[in-house]
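Structure assessment
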Amino acid sequence: MADSIYGRYEEYLEPIMNQFMDRLKDYNQSIYRDTGFKVFEHLTGRIKSDESMREKCQRKGFEVTAHSALRELKDAIGIRIVVSFVDDIYKLTDYIRSLDCCKIVKEKDYIRHAKPNGYRSYHMIVEIQTEYEDIDGNVFGNYYMEIQLRTIAMDSWASLEHQLKYKKHINNQELIVEELRRCADELASCDVSMQTIRTLIQQG
């Protein structure tokens with residue numbers, strides 16, 4: 001069996017991910033203690049598999065090396081945060097920006113600017129300063145992480161769209177694509193209405 005594309009740095013990826021997720025959980029708990037409401041409902045993380053990372057390097061035209069996996073591509077570590085309300089997404093992005101261990105490398109707001117197929121989500125690429133050596137030999141090394149933030153409705157929609165994208169030989173594909181686009185708009189409208197209702201309730 002071939003060695004991992006991440007080389008000896010593979011063992012650092014999960015601890016880095018877990019430490020960052022712990023900070024998010026602590027933030028969630030502090031908001032809950034202060035307000036009685038959580039800022040997010042679900043938090044998941046994953047390390048991109050060796051096979052997926054090798055395939056992506058080849059697809060993007062990079063050498064299949066640890067350097068490509070950890071520097072050129074920036075999603076070896078992935079975190080998904082699922083919230084109940086749209087405003088909570090922006091509250092979380094502000095919190096992530098405030099962290100002294102984080103540098104924001106790239107952001108894409110697919111909520112205010114949805115993709116043509118209806119996809120909505122907020123994407124961040126962050127550079128994390130860690131206690132672990134990195135691929136460039138820095139003792140307190142830097143690692144990249146991709147963060148996706150979605151409402152529950154957006155996450156359900158994305159799950160269906162993912163199935164459509166990767167399942168072969170689907171009947172009525174054009175109809176399904178059109179229905180998905182319509183549903184995306186309806187769910188976005190529902191998210192806005194739910195946010196408005198919550199705001200009105202909080203205003204008393």
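Residues numbered from 1 in each chain as written. Predicted model: local features only at pLDDT ≥ 70, side-chain atom pairs only at ≥ 80, totals over all residues. Heavy atoms only, no water.

**Examining helix 5 (residues 152–166)**
Keep this limit in mind: Under the scheme used here, helices are H or I runs from DSSP no shorter than 4 residues and strands are E runs no shorter than 2 residues, and both carry numbers assigned from the N terminus. To estimate the expected span of a helix, count its residues, drop one, and scale the result by 1.5 Å. Only protein chains enter the calculation, and the probe is 1.4 Å; a residue is then buried if its accessible area is under 20% of its type maximum, exposed if over 50%, and partly exposed in between. Directions pointing from the helix axis toward each C-beta atom define the arc. Contact definition: two residues touch when any of their heavy atoms are within 4.5 Å.
Across its 15 residues, helix 5 extends 21 Å between first and last C-alpha, which sits within 8% of the 21 Å expected from 1.5 Å per residue. Within the span of helix 5, buried status applies to A153, M154, W157, A158, E161 and L164. Summarising the axial view, the buried residues of helix 5 lie within an arc of 125 degrees, below the 170-degree limit, and thus occupy one face. Tucked inside the fold, the buried residues of helix 5 contact helix 4 (86–98), strand 5 (142–151) and helix 6 (173–203).

**Side note on the pairing of strand 5**
Put simply, the rule reads: At least two DSSP bridges between two strands are required for those strands to pair.
When you tally the buried positions in strand 5, you get nine out of 10 residues, the bulk of the element. Pairing analysis gives seven bridges linking strand 2 (residues 77–83) to strand 5, with the strands arranged parallel. Each residue of the ladder has a partner; that of I79, found in strand 5, is I147. In this sheet, strand 5 lies alongside strand 4 (residues 122–129) in antiparallel orientation, the contact comprising eight bridges. Its bridge partner lying in strand 5, M124 is registered against I147.

**A word on empty space enclosed by the protein**
Summary: where empty space remains is shown by rolling a probe the size of a single water molecule over the atoms. How we decide: Of the grid points, spaced at 1 Å and generated over the protein atoms alone, those admitting a 1.4 Å probe that cannot get out make up cavities, while open sets with protein on both sides within 12 Å along at least five of seven lines make up pockets; any residue with an atom within 4 Å of a point is treated as lining. Grid points are joined across faces, edges and corners, and a volume is the space filled by probe spheres set on the points. Note that Gly is not counted as nonpolar here; it falls among the polar residues with everything else outside the nonpolar set of Ala, Val, Leu, Ile, Met, Phe, Trp, Tyr, Cys and Pro and the charged set of Asp, Glu, Lys and Arg.
Under the criterion given, the structure shown has two cavities of 30 Å³ or more. The computed volume of the largest cavity comes to approximately 70 Å³. As for the largest cavity, its lining consists of G118, Y119, R120, A153, M154, W157, A184, L187, A188 and D191. Sort the elements by how many residues they give to the lining of the largest cavity and helix 6 lands first, with four residues. Across the lining of the largest cavity, the residue classes break down as seven nonpolar, one polar and two charged. One number sums up the size of the second largest cavity: a volume of about 50 Å³. L13, A69, L70, L73, K74, D75, A76, I77, Y143 and Y144 together form the lining of the second largest cavity. Those elements that place two or more of their residues in the lining of the second largest cavity are helix 3 (66–72) and strand 5. Among the residues forming the lining of the second largest cavity, the class breakdown is eight nonpolar, no polar and two charged.

**Side note on the packing of aromatic side chains**
The criterion, for reference: Stacked, tilted and edge-to-face pairs are distinguished by plane angle, under 30 degrees for stacked and over 60 for edge-to-face with tilted covering the rest, among Phe, Tyr and Trp rings (Trp via its six-membered ring) whose centres lie within 6.5 Å. Ring-over charges, as used throughout, are those where CZ of Arg or NZ of Lys falls within 6 Å of the ring centre and within 35 degrees of the ring normal.
On inspection of all chains with the given rule, the structure shows six aromatic pairs. Ring geometry for Y12 and Y132: centres 5.1 Å apart, planes at 25 degrees, overall stacked. Residue Y12 is found in helix 1 (residues 10–35), and its partner Y132 is found in the loop between strand 4 and strand 5; the two are separated by 120 residues along the sequence. The burial state of Y12 is the same as that of Y132; both residues are buried. Aromatic ring contacts, followed pair by pair, group Y9, Y12 and Y132 into a single cluster. Geometry around Y144 places K74 over its ring, the cationic atom sitting 4.8 Å from the centre. Directly above the aromatic system of Y110 lies the positively charged group of K115, at a separation of 4.9 Å from the ring centroid.

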